[in-house]
Amino acid sequence: MKMFRICGYGGGRSTLVSRLAEEFNFRQIGVAVVKYAHKPFDMDKPGSETYNLRQSGCRQTLIANRERWGLLCETPGQPEPDPILLAGHLAECDLVLAVGFDNAPLPGLEVMRADNPAEPLYKRDTHIQTVVIDGVAPPDVLFSFTHADIENIVTHILDRAVLLPPRTDDTHR
């Protein structure tokens, strides 16, 4: 498996990732996403059996049917998650997009708006050499694309994604 990082706030990142996933699927490239949530979240519904089990102290709750399965893990007090370690829980695929992991030492791109006054991530992160922007590209960035240039962005990602270390444990498939 290979991995590539996608960062940025308020620049259309979610829409871009969805469009990239469609193009990877069209090219028959198996893609998965590991997403960092910057705010507290819960995928479970209060009152459901799995929610109640978690509230009762279950550290892991796995729910499954014929169409999908999901594993919820409680990790209070743990360090920030590592996207490479998290990818070890995924079924084998061709590419993992690490979305929102701003401090991971992985090659990546930043999705941004030209009129955003905040300092771009690429200025302080040498792993980000690419921007996807809705206006004129900054002169100090190596690679730039518009939001509509999906086919070229996908090719760029495939060329620059890094190979993940081989798995030593197949129990998470």
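Residues numbered from 1 in each chain as written. Predicted model: local features only at pLDDT ≥ 70, side-chain atom pairs only at ≥ 80, totals over all residues. Heavy atoms only, no water.

Asks: What exactly am I supposed to notice about the pattern of salt bridges here?
Replies: Charged atoms that come close allow side chains of opposite charge to pair. Per the stated rule, a full pass over the model turns up 6 salt bridges. R27 is paired through a salt bridge with E23; the nearest N and O atoms lie 2.9 Å apart. By relative accessible area, R27 is classed as partly exposed at 30%. For E23, a relative accessible area of 13% corresponds to the buried category. (Salt bridge = Lys/Arg side-chain N within 4 Å of Asp/Glu carboxyl O. Buried < 20%, exposed > 50% of the residue type's maximum accessible area, 1.4 Å probe, protein only.)

Asks: Even after reading the chapter, I still don't get helix α1 (residues 13-26), so can you show me in this structure?
Replies: Residues spaced three or four apart along an α-helix face the same direction, because each turn holds 3.6 residues. For α1, spanning 14 residues, the distance from its first C-alpha to its last is 20 Å, which sits close to the expected 20 Å at 1.5 Å a residue. Against the buried residues of α1 lie β1 (2-7), β2 (31-35), β5 (95-99), β6 (108-112), β7 (128-133) and α4 (150-160). With its phi angle positive at about 60°, Q28 sits one or two positions after the end of α1. (Helix = DSSP H or I, 4+ residues; strand = E, 2+ residues; numbered from the N terminus. Expected span 1.5 Å × (residues − 1). Contact = heavy atoms within 4.5 Å.)

Asks: How should the packing of aromatic side chains be read in this particular structure?
Replies: The way to describe two aromatic rings as a pair is by their centre distance and the angle between their planes. Enumeration over the complete set of coordinates arrives at 1 aromatic pair. A ring pair is formed by Y36 and F101, whose centres lie 5.4 Å apart and whose planes are at 65°; its orientation type is edge-to-face. Of the two residues, Y36 sits in the loop between β2 and α2 (49-55) while F101 sits in the loop between β5 and β6, which places them 65 residues apart along the sequence. For Y36, a relative accessible area of 18% corresponds to the buried category. Against the face of F143 rests R160, its NZ or CZ located 4.3 Å from the ring centre. (Phe/Tyr/Trp six-rings, centres within 6.5 Å; stacked < 30°, edge-to-face > 60°. Lys NZ or Arg CZ within 6 Å of the ring centre and 35° of its normal.)

Asks: What should I look at first to understand the environment of P120 in this one?
Replies: Summarising the element assignment, P120 is placed in the loop between β6 and β7. Classification of P120 by relative accessible area gives buried; the value is 13%. Between the C-alpha atom of P120 and that of R59, which follows or precedes it by 61 residues, the distance is 37 Å. Look past the residues within four positions of P120 in its chain and what remains in contact with it is E110 and M112.

Asks: Explain the side chain of D125 to me, please; I cannot follow it from the model alone.
Replies: Inspection of the secondary structure puts D125 in the loop between β6 and β7. Under the relative-accessibility criterion, D125 is labelled buried at 11%. A polar side-chain atom of D125 sits 2.8 Å from a polar atom in the side chain of R5. If we ignore the near neighbours within four places in the chain, the residues touching D125 are R5 and D102. (Polar contact = N/O pair within 3.5 Å; in protein donor to acceptor, adjacent residues only side chain to side chain.)

Asks: Please explain the nonpolar core as it appears in this structure.
Replies: Across soluble globular proteins, nonpolar side chains show a tendency to be buried alongside one another. Ranked by internal contacts, the top residues of the largest apolar core, which has 19 residues, are I6, L20, L97, L109 and I157. Looking at this core, the elements with two or more residues in it are β1, α1, β5, β6 and α4. Setting aside anything within four residues of it in sequence, one finds I157 in contact with F4, I6, L20, F24, L95, L97 and L109. (Core = buried A, V, L, I, M, F, W, Y, C linked by side-chain atoms within 4.5 Å.)

Asks: Could you clarify how one ought to interpret the packing of α1 against α4 in this entry?
Replies: Any two packed helices are characterised by how steeply their axes cross, that is the angle between the axes, and by the distance between the axes. Where α1 meets α4, the axes come as close as 10 Å, and the angle between the chain directions of the two elements is 80°. Taken together, α1 and α4 sit at an angle that is classed as roughly perpendicular. On the side of α1, the interface is formed by L16, R19, L20, E23 and F24, while α4 contributes I150, E151, I153, V154, I157 and L158. (Axes fitted to C-alpha atoms, helices over the stretch in contact; angles between N-to-C directions. Parallel < 35°, antiparallel > 145°, perpendicular 65-115°, else oblique.)

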